[in-house]
Amino acid sequence: MNKVILFNPFSARNGYRIPNSILQVAASIHDRYDVAFVDGNRERDPWQTIQKLLDSGEYLFFGCTVMPGPQLRQAIPFTKRIRQEYPDVKIIWGGYFPSNQYQVVLESGYVDFVINGQGDHCFPQLLDGLSAGQTDFDHISNLIYRKGQEIVKTKKEFVADQDNLPKLPYTKIDLYYSLKGYLKKTFLGQRTAAYHASFGCPFTCSFCAVVPIYNARWKSKSASNIYADIKYLIENHGADAVEFHDNNFFVNEKMVVEFSQLIKKHEIQWWGEGRIDTLSKYKDESLRLMAEAGCKMIFFGAESSNDDILSQMDKGGTQTAEQILDFAGRMHEFGIIPEYSFVLGMPLPTESEVNAQLDQDIAFIKKVKRINPETEIIIYLYSPVPTENSELYSRVKETGFRFPSHLEDWLDPQWENFDLRRNPLTPWLKPYMVDKIRDFETVLNAQYPTASDFKLTRTQRRMMKLISHWRYRLGWYKFPYELKALQKFWLRYRRPETEGFAMKES
């Protein structure tokens, strides 16, 4: 039996979650291939572990999941070293980064194949073909690879029937890393699990990295199967909270209601991502049931206060600024915390228009807070996504913006921050505008410290609110050095949008 290494590179300095990406792939092959898991978040020296496995001469395949940002720090140098020291090993990358940046990935010479979307079918087919000595893989869906000098993208396949996919091999990974070690304390609970209930998203937001991969397709597991998996984590590993890391958990109201009915008796708390225009259509009784069943917070892409920009973002054509405000108030009625993200710095014709839009968005965010002070606000800077045939991306390229042309250039800290939407590298967003956003964000986060950081004490929250009050009330955000000093001194203060919820280490 051929052996496969599945590697999850280091991603978070503040805790780590169940590595569902490599678990999902392992589920498709572990009954046919001997799988070894290596989690960069759980190893002191993951390269040493990988090297020991490869030195055995038994592992012919190296699979690596790669998200943009921190995971590249291990994914790129480790992959390069494998290519140099173990040239016969076939290297396969999956995840958002290689799917969106496949050309620079394959042209590096380090990566042989990119899984472009779901790997449940194509990954085992690829391993079977390689094991049989095949050299042509055009018949395998969801694959990108080099054939001579040509880069081949095979047809897309969306695995619609999620219920018939193999169960995640929790017992298998538990042999490598204690599953309970992944269940950390967050503001949701003492032992918080991470879970994927669905794949894809039925919408086509022009700034979203998911769109080129799933092409507006979405499918969920049934409520009963989701419940069965969560129940297993509760009963066997002590989970008392869940983060649903789906791109859009709340697409189907009927499924969410059924799941809420099933999970309610377990008295856990949970979080997920959704759309304002979708949940605005939910019945009051559905939202009330969700709250009673433990739905504590929902992440929403509010994105902008400008209806024209919302249309430009292709938010589905139904989300408006008025709807964003109304829904913040409605969520307050049911005790569910809305977590609104805003994408600032979209391209506009002139510098003055970009700057004026920033002022409008800042005023709008403060209006959201007046309507529902519990609303969490997360601010991103617009980062282009290489979406083919996208009008927005075409306009971005016309400004002179370009992605790195060499894979190792992505290791530059400025591109890591770009991936995390902290450094735009876009020519139309001037430094003084970035400073304006960052200064407002500092004042906002001091005036309304995030509820998701359970480590901040009541005294620290009160002090930050008191010191920041005059700035927030008068709209004076420049040079908030005293607030930055407080936040730096209290190292517990974290950025939930880039690090996830604060987690307590075991």
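Residues numbered from 1 in each chain as written. Predicted model: local features only at pLDDT ≥ 70, side-chain atom pairs only at ≥ 80, totals over all residues. Heavy atoms only, no water.

### A few points about the overall build of the protein chain
For the record, the criterion: Numbering of helices and strands starts at the N terminus; helices are DSSP runs of H or I of at least 4 residues and strands are runs of E of at least 2. Computation of the radius of gyration draws on C-alpha atoms alone. For the globule rule, the value is 2.2 Å times the number of residues to the power 0.38. When a residue's accessible area, from a 1.4 Å probe over protein chains only, is under 20% of the maximum for its type it is buried; when over 50% it is exposed; and in between it is partly exposed. Throughout, a residue-residue contact means that at least one pair of heavy atoms, one from each residue, lies within 4.5 Å. Computed with the Shrake-Rupley method and a 1.4 Å probe, the accessible areas treat only the protein chains shown as cover for residues.
When its secondary structure is counted, the protein chain shows 21 helices and 15 strands. What you see for the protein chain is a C-alpha radius of gyration of 23 Å, in line with the 23 Å of a compact globule of 506 residues. Taking the principal axes of its C-alpha atoms as reference, the protein chain extends roughly 70 × 55 × 45 Å. Buried positions account for 57% of the 506 residues belonging to the protein chain. Intrachain contacts of the protein chain at a sequence separation of at least 6 include 74% that bridge at least 24 residues. Looking at the protein chain as shown, the accessible area adds up to about 21400 Å², and 49% of this sits on carbon and sulfur atoms.

### Looking at the packing of aromatic side chains
Heads up, the rule is: Classification of ring pairs rests on two measures: the distance between centres of Phe, Tyr or Trp rings, Trp counted by its six-membered ring, which must be within 6.5 Å, and the angle between planes, read as stacked under 30 degrees, edge-to-face over 60 and tilted in between. Look at NZ for Lys and CZ for Arg. If either is within 6 Å of the ring centre and within 35 degrees of the ring normal, a charge sits over the ring.
One pass over the structure, following the stated rule, counts 32 aromatic pairs. With a centroid separation of 6.0 Å and 35° between ring planes, the pair formed by Phe7 and Phe62 is classed as tilted. With Phe7 in strand S1 (residues 3-8) and Phe62 in strand S3 (residues 59-65), this pair connects stretches of sequence that are 55 residues apart. Here Phe62 falls in the buried class, since its relative accessible area comes to 0%. Look at Phe300 and Tyr340: their rings are 6.0 Å apart centre to centre, the planes differ by 85°, and that puts the pair in the edge-to-face class. Here Phe300 is found in strand S13 (residues 295-303), whereas its partner Tyr340 is found in strand S14 (residues 337-344), with 40 residues between them in sequence. Residue class for Tyr340 comes out buried when judged on its relative accessible area of 0%. Three or more aromatic residues link up through ring pairs in this structure, and these residues are Tyr195, Phe244, Phe249, Phe250, Phe259 and Trp270. Taking NZ or CZ as reference, Arg42 lies 4.5 Å from the ring centre of Tyr182, over its face.

### Notes on a negative patch on the surface
In plain terms, the rule: Patches were defined on residues exceeding 30% relative accessible area and lacking a salt bridge, with like-charge contacts within 9 Å and nonpolar side-chain contacts (Val, Leu, Ile, Met, Phe, Trp, Tyr) within 5 Å. Whenever a carboxyl oxygen of Asp or Glu lies within 4 Å of a side-chain nitrogen of Lys or Arg, that contact is scored as a salt bridge. The convention is simple: Lys and Arg are positive, Asp and Glu are negative, and His and the chain ends are not counted. A single reference atom marks each charge: NZ on Lys, CZ on Arg, CG on Asp, CD on Glu.
Negative charge collects at one region of the surface, where Asp307, Asp308, Glu322 and Asp326 lie side by side. Elements with a contribution of two residues or more to the negative patch: helix H13 (307-312) and helix H14 (321-334). Residue placement: Asp326 occurs in helix H14.

### A short note on the packing of helix H18 (residues 431-447) against helix H19 (residues 458-474)
Definition in use: Every axis corresponds to a line fitted to the C-alpha atoms, with the helix fit spanning only the stretch in contact, and the corresponding angles, defined between N-to-C directions, vary from 0 to 180 degrees. Any angle between 65 and 115 degrees counts as roughly perpendicular, while under 35 counts as roughly parallel, over 145 as roughly antiparallel, and the rest as oblique. What makes a crossing left-handed is the near helix being turned counterclockwise from the far one by less than a right angle; a clockwise turn instead makes it right-handed.
One way to put it is that H18 packs onto H19 with a least axis distance of 8 Å and a crossing angle of 135°. Put simply, H18 runs oblique to H19. You can see that H18 and H19 cross each other, and the crossing is left-handed. Contacts between H18 and H19 involve Val443, Leu444, Ala446 and Gln447 from the former and Met464, Lys465, Ser468, His469, Arg471 and Tyr472 from the latter.

### Brief notes about the pattern of salt bridges
Summed over all chains, the structure comprises 20 salt bridges. Between Lys3 and Glu58 there is a salt bridge whose closest N-O contact spans 2.5 Å. Taken together, the positions of Lys3 in strand S1 and Glu58 in the loop between helix H2 (46-55) and S3 put the pair 55 residues apart, joining distant regions of the chain. Given the relative accessible area of 41%, Glu58 is considered partly exposed. We note a salt bridge from Lys172 to Asp34, for which the minimum N-O separation is 4.0 Å. Highlighted residues: Lys172 in helix H7 (residues 170-174) and Asp34 in strand S2 (residues 34-39), separated in sequence by 138 residues. Residue Asp34 is classed as partly exposed on the basis of its relative accessible area, which comes to 25%.

### Remarks on unusual backbone geometry
Glycine aside, the phi torsion of most residues is negative, and most peptide linkages are trans. Positive phi values are uncommon outside glycine, yet Asn142 reaches one of about 60°. With respect to the element layout, Asn142 can be found in the loop between helix H6 (122-131) and strand S6 (143-147). Asn142 sits in the buried class, given a relative accessible area of 0%. A positive phi is found at Glu267, a non-glycine position, where the angle reads about 55°.

### Overview of the pairing of S13
Test applied: Strand pairing follows a simple DSSP-based rule, namely that at least 2 bridges must link the two strands.
Extensive coverage of S13 is indicated by the burial of 8 of its 9 residues. In this sheet, S13 lies alongside strand S12 (residues 269-274) in parallel orientation, the contact comprising 5 bridges. By the bridge assignment, Trp271 is partnered in S13 with Met297. Across 6 bridges, S13 lies against S14 in parallel orientation. When the sheet's bridge partners are listed, Met297 is paired in S14 with Ile337.

### Quick look at the nonpolar core
Short version of the rule: Take the buried residues of types Ala, Val, Leu, Ile, Met, Phe, Trp, Tyr and Cys, join any two whose side-chain atoms come within 4.5 Å, and each joined set is a nonpolar core.
By size, the foremost hydrophobic cluster in this structure holds 152 residues, and its most contacted members are Trp93, Trp270, Met290 and Tyr340. Ignoring any residue separated from it by four or fewer positions in sequence, one finds Trp93 in contact with Cys64, Val66, Ala75, Ile76, Thr79, Pro98, Val105, Val111, Phe113, Val114, Ile115 and Leu407. With 7 residues, the next largest nonpolar core counts Phe158, Phe199, Cys201 and Ile213 among its residues.

### Some thoughts on helix H15 (residues 351-371)
Given 3.6 residues per turn, any residue in an α-helix points the same way as the ones three and four places further on. Where we set the bar: Each helix should span, by expectation, one fewer than its residue count multiplied by 1.5 Å.
With 21 residues, H15 ought to run about 30 Å at 1.5 Å a step, and its terminal C-alpha atoms sit 31 Å apart, in line with that. What H15 keeps buried is the set Val354, Asn355, Gln357, Leu358, Asp361, Ile362, Phe364, Ile365, Lys366, Val368 and Lys369. The inward-facing, buried residues of H15 contact H13, H14, S14, strand S15 (376-381), H18 and H19.

### What about the environment of Gln24?
Here is the rule we go by: Contacts described as polar in this section are N or O atom pairs within 3.5 Å, which, within protein, must combine one atom able to donate a hydrogen with one able to accept it, while residues neighboring in sequence count only if both atoms come from side chains.
Looking at the secondary structure, you find Gln24 in helix H1 (residues 20-29). Residue class for Gln24 comes out buried when judged on its relative accessible area of 11%. For Gln24 and Pro169, which are 145 residues apart along the polypeptide, the C-alpha to C-alpha distance reads 8.2 Å. With near-sequence residues (within four places) excluded, Gln24 lies in contact with Asp120, Leu165, Leu168 and Phe199. There is a polar contact of 2.8 Å between the side chain of Gln24 and the side chain of Asp120.

Everything listed is a geometric property; what it means functionally is a separate question.
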